[in-house]
Amino acid sequence: MSPHQATEQVVEVGGHRLRLTSLEKVLYPATGTTKAEVLDYVVRAAEPLLRQLAGRPVTRVRWPHGVADTSFFEKNAPPGTPSWVRTAAVPLRSGERDGADDGDEGVETVRYPLLDDVAGLAWVTNLSAIELHTPQWRVCDGGAPGGRGRPARTAHPDRLVVDLDPGPGTGLAECAALAHVVADRLLEDGLDPRPVTSGSKGLQLYAAVSGEQDADVVRAYVRRLAEDLARDRPREVVATMTKARRTGRVLLDWSQNTWSKTTVTPYSLRGREQPRVAAPRLWDELDDDLQQLSPQEVLDRLDADGDLLDDVTGPGPRLPEP
């Protein structure tokens, strides 16, 4: 597929016909980056991106008029979703615990798309879905194309994430320095953490876990780690969202391991002023000169180094429980 050939065209991708529209639309005004160029990145990065998306319900953040305008989060598969796109009905709960039945009070079922192939990626990108967000768990009964069946069964998390979010007066350099400290704690428990610059302000650390423990266990483990570091290094680290406490410190956000939360998917673009990507990094890159990466830089790195996250989704070790 070559999305630069026309501003609107019908293409065949993986046996599916797609109508791509408004390809000349500028999605990043600061750089003049068009929808066609965003599509080009997504198609070229499809293999590692799909590896991260596999089996995970996808929340999309859409910028219909580009990143300088308003955006909205979209969970349900929208009207007009192609019949060949798999969907999964996932019960969402107000609480944090796994295992609620569809009939439980406070349960809402959301029918998410599951993006399996390049055609699915091209479809959501054509809708100006720039950011793709996913949970740390997967749907384990597969979903169905355009289905309306019973709610899907979901697996325990197969990875954990520690989000390092710089507060006022700190930046990516402080996150990079702290990432080494966090990684040492994870390594003590047999985990193999990998850094991912977020494409925004900070970075995340991902590590494979066993898939045998529920989200409550994973969340509690990361919360203990964050609170221990906040106690040990109070001038550098905070483990709560309270804005007044974040100045000059890095937030270790443990909450993205809860059942209901999602994190930007590695290799996804971000809807910021400049086109930047949530990009896996090598540990020896994490220094004072660390910068967020552009789409072309990510593609060049994939050609040179391959996918640095190809083995992060487990199976990994069991987490210690208190």
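For clarity, every value in this text was computed on a predicted model and none was experimentally measured.

### Some details on the side chain of Arg270
Moving on, step 1. On the secondary structure map, Arg270 appears in the loop between strand E16 (263-264) and strand E17 (279-280).
Moving on, step 2. Not counting residues up to four positions away in its chain, the partners in contact with Arg270 are Tyr28, Ile130, Glu131, Ser198, Gly199, Ser200, Val264, Arg276 and Ala278.

### Considering the sheet that holds strand E13 (residues 203-208)
Two pairing modes exist for strands in a sheet, parallel and antiparallel, and in both the strands are linked by backbone hydrogen bonds.
Moving on, step 1. Spatially, six strands are ordered E14-E15-E11-E13-E12-E17 in an open sheet, and the strand pairing comes out mixed. The open sheet is flanked by strand E14 (237-238) and E17, the only strands paired with a single partner.
Moving on, step 2. Note: strand E12 (residues 194-197) against E13, four bridges, orientation antiparallel. If you follow Arg194 over to E13, its bridge partner there is Tyr206.
Moving on, step 3. Relative to E13, helix H4 (residues 172-188) is tilted by about 20 degrees, and along the sheet it contacts strand E11 (159-166), E12, E13, E14 and strand E15 (250-253).

### Let's talk about the confidence of the model for the protein chain
Moving on, step 1. Mean pLDDT over the protein chain stands at 91; residues scoring 70 or higher make up 91%.
Moving on, step 2. Below a pLDDT of 50 lies the segment residues 95-105, which in the model reaches 19 contacts outside its immediate sequence neighbourhood of four places, other chains included.

### A few points about the environment of Leu23
Moving on, step 1. Of note, Leu23 is situated in the loop between strand E2 (16-20) and strand E3 (26-28).
Moving on, step 2. The buried category is assigned to Leu23, whose relative accessible area is 2%.
Moving on, step 3. As for Leu23 and Leu39, which are separated by 16 residues in sequence, their C-alpha atoms are 8.8 Å apart.

### What about the side chain of Thr170?
Moving on, step 1. Summarising the element assignment, Thr170 is placed in the loop between E11 and H4.
Moving on, step 2. Accessibility expressed as a relative area gives 17% for Thr170, which makes it buried.
Moving on, step 3. Within the local environment of Thr170, its side chain forms a polar contact with the backbone oxygen of Gly167, the two atoms lying 2.7 Å apart.
Moving on, step 4. Polar side-chain contacts of Thr170 include one of 3.5 Å to the backbone oxygen of Arg249.
Moving on, step 5. Setting aside anything within four residues of it in sequence, one finds Thr170 in contact with Gly248, Arg249 and Val250.

### Considerations on the sheet that holds strand E6 (residues 72-74)
Moving on, step 1. The antiparallel open sheet is built from four strands, whose spatial order is E6-E5-E9-E16. Looking at which strands have only one partner, the edges of the open sheet turn out to be E6 and E16.
Moving on, step 2. The pairing of strand E5 (residues 59-62) with E6 spans three bridges and is classified as antiparallel. From the neighbouring strand, Val61 faces E6, where its bridge partner is Phe73.

### Comments concerning the domain arrangement of the protein chain
Moving on, step 1. Taken domain by domain, the protein chain consists of domain 1 (8-99 + 106-155) and domain 2 (156-305).
Moving on, step 2. Averaged C-alpha coordinates put domain 1 and domain 2 at centres separated by 23 Å.
Moving on, step 3. With 32 residues of domain 1 at the contact, the number on the domain 2 side is 36 residues.
Moving on, step 4. A combined buried area of about 3,300 Å² lies between domain 1 and domain 2, and 51% of that area is made up of carbon and sulfur atoms.
Moving on, step 5. At the boundary of domain 1 with domain 2, the tally comes to four salt bridges.
Moving on, step 6. Arg138 is paired through a salt bridge with Asp158; the nearest N and O atoms lie 2.7 Å apart.

Rules used throughout
- Residues numbered from 1 in each chain as written.
- Predicted model: local features only at pLDDT ≥ 70, side-chain atom pairs only at ≥ 80, totals over all residues.
- Heavy atoms only, no water.
- Helix = DSSP H or I, 4+ residues; strand = E, 2+ residues; numbered from the N terminus.
- Contact = heavy atoms within 4.5 Å.
- Pairing = 2+ DSSP bridges.
- Axes fitted to C-alpha atoms, helices over the stretch in contact; angles between N-to-C directions.
- pLDDT = per-residue confidence, 0-100.
- Buried < 20%, exposed > 50% of the residue type's maximum accessible area, 1.4 Å probe, protein only.
- Polar contact = N/O pair within 3.5 Å; in protein donor to acceptor, adjacent residues only side chain to side chain.
- Domains from an automatic or database assignment.
- Buried area = accessible area lost by both parts, 1.4 Å probe.
- Salt bridge = Lys/Arg side-chain N within 4 Å of Asp/Glu carboxyl O.

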